[in-house]
Every structure is written in structure tokens, then in C-alpha cells.
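So you can see what is in the structure, the chains are spelled out below.
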Amino acid sequence: MRSMVEGAAPDTVCAVAPSTALRSPSPAKSGGGELAIAGYASLWGVADLNGDVTAKGAFVDSLRRTGVGGVRMLHQHESRAVVGLWDEIVEDDRGLFVRGRIADWSAEARYAQALSRAGALDGLSIGFRTARARRDGRLRVLSGVELWEVSLVTFPMLPGARYRPV
């Protein structure tokens, strides 16, 4: 994953804050050409392929500030490719659970839907800015991050970060 801030170092971990549920006004539904999806964008205590590990609670401040409406659903971290909406972000004991809808409002969104239905696209990755982190050997432990987006990706930096149609 690449950095979301010009000139900033890449931040590539998916992470979660403790036991907080964020919901948008409308629940995730499949209808009107939308595809409902759900999965884990992060798993607690699991190092990603870049050596980042997220500590439980790292996103709590960010999520309280922005709510679910402040977190975008992108395709492959492309800011021009908003492909849907997140309806729910729930931080639980396993990780960051997300539920949302891939829309049909653009060619890119319809493409993401088709790939998801076929099982060819099932990864999740989080775009964020690091607020607090510490080193633990080769690992970087993230204890505070500003969550910007959760992307549908082909190859997630955290291999266990996956979603499925529901």
C-alpha cells in the first residue's frame, strides 16, 4: 500500500480500536444494483508483510472524530475510485469488522462488483496516517492512527484481511 500523504512514508497495516461500533444511517443491503459485503480489514496482533502490527485501540480517536461516514471505500487505494459506502465499522476482539455496499454508480464500481462476485477480488487494506508508533525489533507497533479509507484490493498487505459478499 502506498502512503496517502504526499512525501510521507508508506503506512500499510490494517488495524482496529476496541469495542466501538460505528454505523451509517442506512444498513448494508443488496439491492438496486449494489453488492453487500462484510469482512475483517484488520486482525489484532498480526504483522503485515511490511512488519506493521496494530495495537488494539489504535483507531479509537480517529473513528470517534470521523464516524463511519468519514471512512471511504476505494478500489485499490485509488482516490478517484470510490466504489461504495461503508455502513458499519465494528471494532471487536478479533479485529476491525466492516460491512458495506459496493455501488453501481461507475464503471470502476461495477468492475469491483464483478470481480467480487467471481471471487477474484476479496482483500481489504486500510489507508491511514500514523499518529503514534513504537519499534519492537523489526516490527513497528501502531498505537494511534488516523483512518482515511478501507480499500478493496487484490493483494492485501495483511493476507488475512478479507471480505465476502453477504
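Everything that follows concerns the structure shown earlier in this document.
This text gives an overview of the structure that appears in the document.

Cut-off values and rules
Residues numbered from 1 in each chain as written. Predicted model: local features only at pLDDT ≥ 70, side-chain atom pairs only at ≥ 80, totals over all residues. Heavy atoms only, no water. Helix = DSSP H or I, 4+ residues; strand = E, 2+ residues; numbered from the N terminus. Buried < 20%, exposed > 50% of the residue type's maximum accessible area, 1.4 Å probe, protein only. Contact = heavy atoms within 4.5 Å. Areas by Shrake-Rupley, 256 points an atom, 1.4 Å probe, with all protein chains shown as cover. Patch = residues over 30% accessible without salt bridge, like charges linked within 9 Å, V, L, I, M, F, W, Y side chains within 5 Å. Salt bridge = Lys/Arg side-chain N within 4 Å of Asp/Glu carboxyl O. Core = buried A, V, L, I, M, F, W, Y, C linked by side-chain atoms within 4.5 Å. Polar contact = N/O pair within 3.5 Å; in protein donor to acceptor, adjacent residues only side chain to side chain.

**Some remarks on the overall build of the protein chain**
Stage number 1. Counting secondary structure elements, the protein chain contains two helices and nine strands.
Stage number 2. Secondary structure elements of the protein chain, listed N to C terminal, follow the sequence β-β-β-α-β-β-β-α-β-β-β.
Stage number 3. Burial status across the protein chain gives 50% buried among its 166 residues.
Stage number 4. Within the protein chain, residue pairs in contact and separated by at least 24 positions form 74% of the contacts whose partners lie at least 6 positions apart.
Stage number 5. When the accessible surface of the protein chain is totalled, it reaches about 7,600 Å², and 52% of it is carbon and sulfur.

**Side note on a nonpolar patch on the surface**
Stage number 1. A cluster of nonpolar side chains, Val82, Leu85 and Trp105, forms an exposed patch at the surface whose accessible area comes to about 270 Å².
Stage number 2. Locating Trp105 in the fold gives a position in the loop between β6 (95–102) and α2 (107–118).

**So, the nonpolar core**
Stage number 1. Within the largest apolar cluster, 34 residues are counted, with the highest numbers of intra-cluster contacts made by Trp86, Leu124 and Leu152.
Stage number 2. When contributions to this core are tallied by element, the ones reaching two or more residues are β2 (35–43), β5 (78–91), β6, α2, β7 (123–136) and β8 (139–153).
Stage number 3. The dominant element in this core, judged by the number of residues it contributes, is β2, at six residues.

**Some remarks on the side chain of His77**
Stage number 1. Relative to the assigned elements, His77 resides in the loop between β4 (72–75) and β5.
Stage number 2. His77 sits in the buried class, given a relative accessible area of 8%.
Stage number 3. Of the polar contacts made by the side chain of His77, one reaches the side chain of Ser125; its length is 3.0 Å.

**A short note on the side chain of Thr130**
Stage number 1. Structurally, Thr130 is set in strand β7.
Stage number 2. A distance of 3.5 Å separates polar atoms of two side chains, one belonging to Thr130 and the other to Arg140.

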